[in-house]
Amino acid sequence: MIKERLILLYKLCQIDKELSELYSLRGDLPARIEELKSEIDTLNTRSNEINSELNIILQAEKEKSRENDLLLEKIEKNDELLRTGKVKTNKEYDAIALEIQEAKTKISENEKFLENEYSEKKTSLENELSVINEQLKELNEELEQNLAELSELTKQTEEEENELQKKREELVLKINSEDLDNYEMINKVKFGEAVAIVRKGSCLGCYSSVPPQKAIEIRMAEKFYSCESCGRILISEELINDSNS
Ligand SMILES: [Zn+2]
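It should be emphasised that the depicted structure is a prediction, and the values quoted were computed from it without experimental measurement.

Peer 1: Explain the overall build of the protein here, please?
Peer 2: Each helix and strand counted, the protein has five helices and three strands in total. When the helices and strands of the protein are placed in sequence order, the string is α-α-α-β-β-α-β-α. Taken over the C-alpha trace, the protein has a radius of gyration of 40 Å; the compact-globule value for 245 residues is 18 Å, which it surpasses by more than 25%. Dimensions of the protein, computed from C-alpha atoms along their principal axes, come out at roughly 130 × 35 × 25 Å. Out of the 245 residues in the protein, the part that is buried amounts to 32%.

Printed below as a string of structure tokens:
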């Protein structure tokens, strides 16, 4: 009889509805976890970029300061030459004085270069890095929390899910294959909502109204009806109440 077949589909729908609720409980967490992982990846990439830029600056600073040390040494040596009067000719004297002057100029150029090229950039990179590190700390904490929550939730719902799947398998055995195919086709699109109750002349799936004559026919249940607006399999509320009593 159609009535019994409809009731079976309705019961199947109740199980799928519970399954759908279980999945949706878990559903948000995996998405959030993926989002967090990708945010963390992006920040880690930027943090690596900043660190290598800072390394380049550090290298340049080292080179310039080594160069300046050598120049200072040279200046001192030349100064000593001039002081100790070992220089014989004016020409020699002028050459050494020029060398000292050039070394001093180069030192100040190097200092200016570091100041102009790197000082501001270095500060801004260091600031950005400290902001990123703060963000990474927060995101990693959130990720850990979410992972723990998901693992806890999966543990909790696993049992429930297995029970529902078992109940579903048992019920499916009682349903003829044609009805099941029809149901599964709708269930694919409206998971856990393939069957809708008709109450007081309305489809409770989409709340569109069902013409009075059709509502009577649905209650008689001599054949299958589906909602013209949402496509769900329709079952009259009275039929469910009758089957419960
Ligand atoms: Zn509907």
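Peer 1: Explanation requested: unusual backbone geometry in the structure shown.
Peer 2: Among all residues save glycine, negative phi is the norm, and among peptide bonds the norm is trans. Of note, Y207 is a non-glycine position whose phi angle comes to about 65 degrees, a positive value. As for its placement among the helices and strands, Y207 is situated in the loop between strand 2 (202-203) and helix 4 (212-220). Exposure remark for Y207: the relative accessible area of 62% places this residue in the exposed category. For A221, which is not glycine, the phi dihedral falls at a positive 55 degrees. Among the structural elements, A221 can be located in the loop between helix 4 and strand 3 (233-236).

Peer 1: Would you mind showing me how to read the packing of aromatic side chains here?
Peer 2: The geometry of two aromatic rings is summed up by the distance between their centres and the angle between their planes. Taken as a whole and judged by the stated rule, the model has two aromatic pairs. With a centroid separation of 6.0 Å and 15 degrees between ring planes, the pair formed by Y23 and F191 is classed as stacked. Taken together, the residues Y23 in helix 1 (residues 2-83) and F191 in the loop between helix 3 (177-189) and strand 1 (195-199) connect sequence positions 168 residues apart. Residues F113 and Y118 carry aromatic rings whose centres are separated by 5.7 Å and whose planes lie at 90 degrees to one another, so their mutual orientation is edge-to-face. The class for F113 is partly exposed, based on a relative accessible area of 31%. Residue class for Y118 comes out buried when judged on its relative accessible area of 15%. The side chain of K64 reaches across the aromatic face of F113, ending 4.8 Å from its centre.

Peer 1: Hey, could you run me through the coordination of the zinc ion in this one?
Peer 2: As a benchmark, a tetrahedral metal site with four donors has ideal angles of 109.5 degrees, while an octahedral site with six donors has ideal angles of 90 or 180 degrees. The coordination sphere of the zinc ion, as far as protein atoms go, consists of C203 (SG), C206 (SG), C227 (SG) and C230 (SG), spread over 2.3 Å. Viewed at the metal, the four donor atoms of the zinc ion are separated by angles of 103 to 113 degrees, and the geometry they form is tetrahedral. In primary sequence terms, the donor set of the zinc ion follows C-x2-C-x20-C-x2-C. One end of the pair, C206, is in the loop between strand 2 and helix 4; the other, C227, is in the loop between helix 4 and strand 3, with 21 residues separating them in the sequence.

Peer 1: Any chance you could explain the packing of helix 1 against helix 3 here in plain terms?
Peer 2: Axis angle and axis distance: for two packed helices, these are the angle between their axes and the distance between the axes, and together they describe the pair. Where helix 1 contacts helix 3, the two axes come as close as 11 Å, and the packing angle between them is 35 degrees. The way helix 1 lies across helix 3 gives a crossing that is right-handed. When helix 1 is examined against helix 3, the residues R5, L9, L12, C13 and D16 are found in contact with a partner set consisting of D179, L180, Y183 and N187. Of the residues contributing to the contact of helix 1 with helix 3, the split by class is five nonpolar, one polar and three charged.

Peer 1: Could you clarify how one ought to interpret the domain arrangement of the protein in this entry?
Peer 2: For an interface, size is often stated in terms of accessible area lost upon the parts coming together. According to the domain assignment, the protein contains domain 1 (25-165) and domain 2 (194-244). Taking only C-alpha atoms, the centre of domain 1 and the centre of domain 2 are 69 Å apart.

Peer 1: I tried to follow a negative patch on the surface on my own but got confused; where do I start?
Peer 2: A cluster of acidic residues, E18, E21, E158, E159, E160 and E163, forms a negative patch on the protein surface. Elements that contribute at least two residues to the negative patch include exactly helix 1 and helix 2 (90-172). A total of four residues in the negative patch trace back to one element, the largest contributor, which is helix 2. Here E158 is to be found in helix 2.

About the criteria used
- Residues numbered from 1 in each chain as written.
- Predicted model: local features only at pLDDT ≥ 70, side-chain atom pairs only at ≥ 80, totals over all residues.
- Heavy atoms only, no water.
- Helix = DSSP H or I, 4+ residues; strand = E, 2+ residues; numbered from the N terminus.
- Rg over C-alpha atoms; globule rule 2.2 N^0.38 Å.
- Buried < 20%, exposed > 50% of the residue type's maximum accessible area, 1.4 Å probe, protein only.
- Phe/Tyr/Trp six-rings, centres within 6.5 Å; stacked < 30°, edge-to-face > 60°.
- Lys NZ or Arg CZ within 6 Å of the ring centre and 35° of its normal.
- Donors = N, O, S within 2.8 Å, 3.2 Å for Na, K, Ca; no water.
- Tetrahedral: all angles 85-135°; square planar, octahedral: opposite > 155°, others 65-115°.
- Axes fitted to C-alpha atoms, helices over the stretch in contact; angles between N-to-C directions.
- Left-handed = near helix turned anticlockwise from the far one by under 90°.
- Contact = heavy atoms within 4.5 Å.
- Nonpolar A, V, L, I, M, F, W, Y, C, P; charged D, E, K, R; others polar.
- Domains from an automatic or database assignment.
- Patch = residues over 30% accessible without salt bridge, like charges linked within 9 Å, V, L, I, M, F, W, Y side chains within 5 Å.
- Areas by Shrake-Rupley, 256 points an atom, 1.4 Å probe, with all protein chains shown as cover.
- Salt bridge = Lys/Arg side-chain N within 4 Å of Asp/Glu carboxyl O.
- Lys, Arg positive; Asp, Glu negative; His and termini not counted.
- Charge placed at Lys NZ, Arg CZ, Asp CG, Glu CD.

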